[in-house]
Amino acid sequence: MKISQNLALLAFVGTVSAFTISPNGPQRTSLKLNAVEQLTKFDRKKQTYKGPRVEATDEGLDFSYADFAQAVAETDYAFNKFDIVSGLCVEYDKGGCIVDIGAKASAYLPEAEAALIQNQGDSIQDLVALDTKFDFQIISDEDENGQLLVSIRRIQYRNAWETVTSMQESDDTFEANVVAVNRGGAICLVEGLRAFLPGSHLSGMMATEDMIGTRLPLKFLEVNQEAGKLVVSNRKALVEQQMSDLSRGDIVQGMVKALKPYGAFVEVGGMSGLLHISQISYDRIDDLEKVLQPGMQVKCMIIDHDKVNGRIALSTKTLEPEPGDMLKDPDAVFEKAEETAQKYHERMEAERKAREEAARDIVLGLGDSLEELGVNGGSSDEDSADGASADPLADVSDSLDSLLS
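Residues numbered from 1 in each chain as written. Predicted model: local features only at pLDDT ≥ 70, side-chain atom pairs only at ≥ 80, totals over all residues. Heavy atoms only, no water.

Overview of the overall build of the protein
Secondary structure assignment for the protein yields 12 helices and 17 strands. Expressed as a percentage of its 405 residues, the buried residues of the protein come to 29%. At a minimum sequence separation of 6, the contacts of the protein that also span at least 24 residues come to 56%. Element-wise, carbon and sulfur atoms account for 51% of the exposed surface of the protein, whose accessible area totals about 27,000 Å². (Helix = DSSP H or I, 4+ residues; strand = E, 2+ residues; numbered from the N terminus. Buried < 20%, exposed > 50% of the residue type's maximum accessible area, 1.4 Å probe, protein only. Contact = heavy atoms within 4.5 Å. Areas by Shrake-Rupley, 256 points an atom, 1.4 Å probe, with all protein chains shown as cover.)

Side note on the sheet that holds strand β4 (residues 96-100)
Taken in spatial order, the five strands make up an open sheet running β5-β4-β3-β6-β7, and their pairing is antiparallel. Unpaired on one side and paired on the other, β5 (107-109) and β7 (150-151) mark the two borders of the sheet. Sheet topology places strand β3 (residues 84-93) next to β4; five bridges connect them, and they run antiparallel. Paired with C89 across the two strands is V99, which belongs to β4. Against the sheet, helix α5 (residues 153-170) makes contact with β3, β6 (133-138) and β7, and its axis sits at roughly 90° relative to β6, the strand it touches most. (Pairing = 2+ DSSP bridges. Axes fitted to C-alpha atoms, helices over the stretch in contact; angles between N-to-C directions.)

So, the pairing of strand β13 (residues 251-260)
As judged from the five bridges shared by β13 and strand β16 (residues 297-306), these two strands associate in the antiparallel manner. The partner of M255 across the bridge, within β16, is Q297. Pairing between β13 and strand β14 (residues 263-268): five bridges, direction antiparallel. Directly across from M255, in β14, lies its bridge partner E267. Where β13 folds back onto β14 in an antiparallel hairpin, the turn is made up of two residues.

Comments concerning the sheet that holds strand β15 (residues 271-276)
The strand order β13-β14-β15-β17-β16 describes a closed barrel built from five strands, whose pairing is mixed. Adjacent strand axes in the sheet meet at a mean angle of 50° when their direction is disregarded. Alignment of β15 against strand β17 (residues 311-315), held across four bridges, turns out to be parallel. The residue bridging G273 from the neighbouring strand is I312, located in β17. The strands touched by helix α6 (residues 234-243) are β14, β15, β16 and β17; relative to β15, the strand with the most contacts, the crossing angle is about 60°.

What about α6?
Among all positions of α6, only N234, A237, V239 and M243 are buried. If you follow the buried residues of α6, they end up packed against β10 (193-198), β11 (215-224), β12 (229-233), β15, β16 and β17. One side-chain oxygen at the N-terminal end of α6 lies 3.4 Å from the backbone nitrogen of R235; it belongs to S233. (Polar contact = N/O pair within 3.5 Å; in protein donor to acceptor, adjacent residues only side chain to side chain.)

What to know about the pattern of salt bridges
Tallying each qualifying case throughout the model produces 11 salt bridges. A salt bridge links E175 to R215, with the nearest nitrogen and oxygen atoms 3.2 Å apart. With E175 in strand β8 (residues 174-182) and R215 in strand β11, this pair connects stretches of sequence that are 40 residues apart. We classify E175 as partly exposed; its relative accessible area is 49%. The salt bridge partner of D304 is R248, with a shortest N-O separation of 2.8 Å. Taken together, the positions of D304 in strand β16 and R248 in the loop between α6 and β13 put the pair 56 residues apart, joining distant regions of the chain. For R248, a relative accessible area of 52% gives the class exposed. (Salt bridge = Lys/Arg side-chain N within 4 Å of Asp/Glu carboxyl O.)

Comments concerning a nonpolar patch on the surface
Where nonpolar side chains cluster on the molecular surface, the patch consists of L61, F63 and F68 and spans about 300 Å² of accessible area. Tracing the backbone shows L61 in the loop between α2 (41-48) and α3 (65-74). (Patch = residues over 30% accessible without salt bridge, like charges linked within 9 Å, V, L, I, M, F, W, Y side chains within 5 Å.)

Some thoughts on the nonpolar core
Counting residues in hydrophobic clusters, the biggest one holds 29 residues, and the most contacted among them are V266, L275, I280, L292, V298, L314 and M326. Only α6, β13, β14, β15, β16, β17, α8 (330-335) and α9 (337-376) provide two or more residues apiece to this core. Ranked by residue count, the leading element in this core is β16, at four residues. With residues near it in sequence (within four places) discarded, V298 still touches V252, Q253, G254, V256, V266, L292 and F334. (Core = buried A, V, L, I, M, F, W, Y, C linked by side-chain atoms within 4.5 Å.)

Details of α5
With 18 residues, α5 extends 26 Å between its outermost C-alpha atoms, agreeing within 8% with the 26 Å of an ideal straight helix rising 1.5 Å per residue. Inspection of α5 places I155, A160, W161, V164 and M167 among the buried residues, and these make up the whole buried set. In the stretch just after α5, D171 is the one whose phi turns positive, near 55°. (Expected span 1.5 Å × (residues − 1).)

Here we look at the environment of G254
Within the element layout of this structure, G254 appears in strand β13. Given the relative accessible area of 5%, G254 is considered buried. Separated by 12 residues in sequence, G254 and V266 have C-alpha atoms that sit 6.0 Å apart. Aside from chain neighbours lying at most four places away, what touches G254 is V266, E267, V268, M296, Q297 and V298.

A closer look at the confidence of the model for the protein
On average, the protein scores 78 in pLDDT, and the residues at 70 or more come to 77%. Throughout residues 25-33 the model reports pLDDT below 50, and contacts reaching past four residues in sequence, or to other chains, amount to 13 contacts. (pLDDT = per-residue confidence, 0-100.)

What to know about the side chain of S281
Inspection of the secondary structure assignment puts S281 in the loop between β15 and β16. For S281, the side chain forms a polar contact with the main-chain nitrogen of D283, separated by 3.2 Å. At 2.7 Å, the side chain of S281 forms a polar contact with the side chain of E320. Excluding its chain neighbours within four sequence positions, the residues that come into contact with S281 are K317, E320, G324, M326 and L327.

Structure, rendered in structure tokens:
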């Protein structure tokens, strides 16, 4: 109780001392309090520290600690979001990596941003090595501790799109692994990007789980970076590769895929070839299903091809030893296909030479007839002297001789 009275008395004295008596009456005067500087946690620890002390000095240096502090304060750390910077991985931490990029605080690389291609079970230790320099993209602003988030994956992602765009422009054939399958086809990994392979563009196989891990030759059908869309084709790659090795007169083996009123479609190494009904046999065919059935293996001769669109025209009648053999015994025709094809080529070559000889005889006969007409027409001596050069077919004949030789 006595303590309370003393406190109240002190408060009253303080209040009274704040007023002064003047001729104009009592006036309020300002009270000035001395502010006590608050120490930081470090300073309080420093006051209670009882260990050895090292006095810092700048003797022998060409700059002082004050100069160094000023230089640090004046340094502009221009680290902005989306900038590309070089950094050093210094420590693994909490499933990520601490990166020194020269900022006031170390940057942090999350494991998900460590690489574009990450296999199942990979850890941060498998993706980046310590004491190794990488290029990083800043993907965040500074947090309350001044730390930035950085990424390697986003740089690799952008580079991958640039690569696949260049590959599409050059129309290159490339290989990629199948990493997944779905109802529509398969998913392939191309430069770290997921590309869709439609089932209709698979050659000679179905999109099943057995395909996972298979490496396939592919070509691009569509590359759209804005939509994040990649579509590839296995059939297109194989067709172009095989078409470059095919020529007219080659014997190929394929399977009948479908029958139409005008002929049969035969799959040859991923390509679709048309075996027209007029090219099946020299004899007339009334019922195509009695000669060919879907799934039947056949041998055919290529009689024409379109390498740009990957189409070929086929024939089996050129392989018949005798007209009508395809209707009687197609297996015998296929068994002797190479032998019959050789005879067919020899016959075609003989016919070609015969046509060339006939054409030569026609040209030479025409030249003789024109020469006789020139003589009987009473040409002058000057014309006769220049007869060789005046012959209008002389150069033509020479040109035909060169073509036919």
